[in-house]
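So you can see what is in the structure, the chains are spelled out below.
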Amino acid sequence: MDYVTQLQKQLVDYTASLFHEKFLDEQFNQLQQLQDESNPDFVVEVVSLFFEDSERLLNELGKVLEQQIIDYRKVDAHVHQLKGSSSRFSLGTRFFHGSIGAQRVQSVCITFRNYCEEKNIEGCLKCLQQVKHEYSLVKSKLDTLFKLEKQLVAAGGSIPTYVV
């Protein structure tokens, strides 16, 4: 097996594991389908914007939850945005509305929003730590995925289409 074939297999296996472990879902496949030769870095750009926005939201959530009197509507709005259901990213003339498919982050956000409804500070603080952890994991996993893709392209290979 040549080097390019090995890299392709490694990339396919790694991507399949991200879907199997619920780091990614079908929305990630849909995002990848929007990428083409005119914008070969589309997915990386959208994911980078997601990470920037998420870091900002996580910092804001921490600040709001530290207040003497907590504005649970503001917490819920930030969590809703973090979940990705209302995020809009602009990339030149393209718009992507939705999520990168970070399923585990989304799952924690659903629980987080329930605690907001109940005005449960302990639950909210616990979920904030969980979502930070899941965010950190998905960021690391996607960084690795993009590095594998770069290696493959640099070696003369092409990135396979993922259908999981």
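Each remark here, short or long, concerns the structure printed above.
How each quantity is defined
Residues numbered from 1 in each chain as written. Predicted model: local features only at pLDDT ≥ 70, side-chain atom pairs only at ≥ 80, totals over all residues. Heavy atoms only, no water. Salt bridge = Lys/Arg side-chain N within 4 Å of Asp/Glu carboxyl O. Helix = DSSP H or I, 4+ residues; strand = E, 2+ residues; numbered from the N terminus. Buried < 20%, exposed > 50% of the residue type's maximum accessible area, 1.4 Å probe, protein only. Phe/Tyr/Trp six-rings, centres within 6.5 Å; stacked < 30°, edge-to-face > 60°. Lys NZ or Arg CZ within 6 Å of the ring centre and 35° of its normal. Core = buried A, V, L, I, M, F, W, Y, C linked by side-chain atoms within 4.5 Å.

A short note on the pattern of salt bridges
Reasoning step 1: Under the counting rule described, the total for this entry stands at seven salt bridges.
Reasoning step 2: The shortest N-O distance in the salt bridge between Arg56 and Glu60 comes to 3.0 Å. Remark: Glu60 and Arg56 occur in helix H3 (residues 42–66); sequence separation between them is four residues, near one turn of the helix.
Reasoning step 3: On the basis of relative accessibility, which here comes to 35%, the residue Arg56 falls in the partly exposed class.
Reasoning step 4: Across the salt bridge formed by Lys139 and Asp143, the nearest N and O atoms sit 3.7 Å from each other. Placement of the pair is Lys139 and Asp143 together in helix H6 (residues 121–154), with a separation of four residues, close to one helical turn.
Reasoning step 5: Residue Lys139 is classed as partly exposed on the basis of its relative accessible area of 26%.
Reasoning step 6: On the basis of relative accessibility, which here comes to 31%, the residue Asp143 falls in the partly exposed class.
Reasoning step 7: By sharing partners, the salt bridges in this structure join Asp53, Arg56 and Glu60 into a single network.

With respect to the packing of aromatic side chains
Reasoning step 1: According to the stated counting rule, one finds two aromatic pairs in the structure shown.
Reasoning step 2: Considering the side-chain rings of Phe50 and Phe51, the 5.8 Å spacing of their centres and the 55° angle between planes classify their relative orientation as tilted. Accessibility classification places Phe50 together with Phe51 in one group, the buried group.
Reasoning step 3: Centroid distance Phe51 to Tyr135: 5.7 Å. Interplanar angle 80°. Geometry classified as edge-to-face. Here Tyr135 lies in helix H6 and Phe51 lies in helix H3, a separation of 84 residues in the sequence. When sorted by exposure, Phe51 lands in the same class as Tyr135, which is buried.
Reasoning step 4: One aromatic cluster in this structure is built from Phe50, Phe51 and Tyr135.
Reasoning step 5: When the ring centre of Phe23 is taken as origin, the NZ or CZ atom of Arg104, which lies over that ring, is 4.0 Å away.
Reasoning step 6: The residue whose ring lies beneath Lys139 is Phe51, and the NZ or CZ to ring-centre distance is 5.2 Å.

Digging into the nonpolar core
Reasoning step 1: Phe28, Val47, Val75, Phe112, Val131, Leu142 and Leu145 are the most contacted members of the largest nonpolar core, which has 43 residues in total.
Reasoning step 2: Elements that contribute at least two residues to this core include exactly helix H1 (3–20), helix H2 (26–33), H3, helix H4 (72–83), helix H5 (103–118) and H6.

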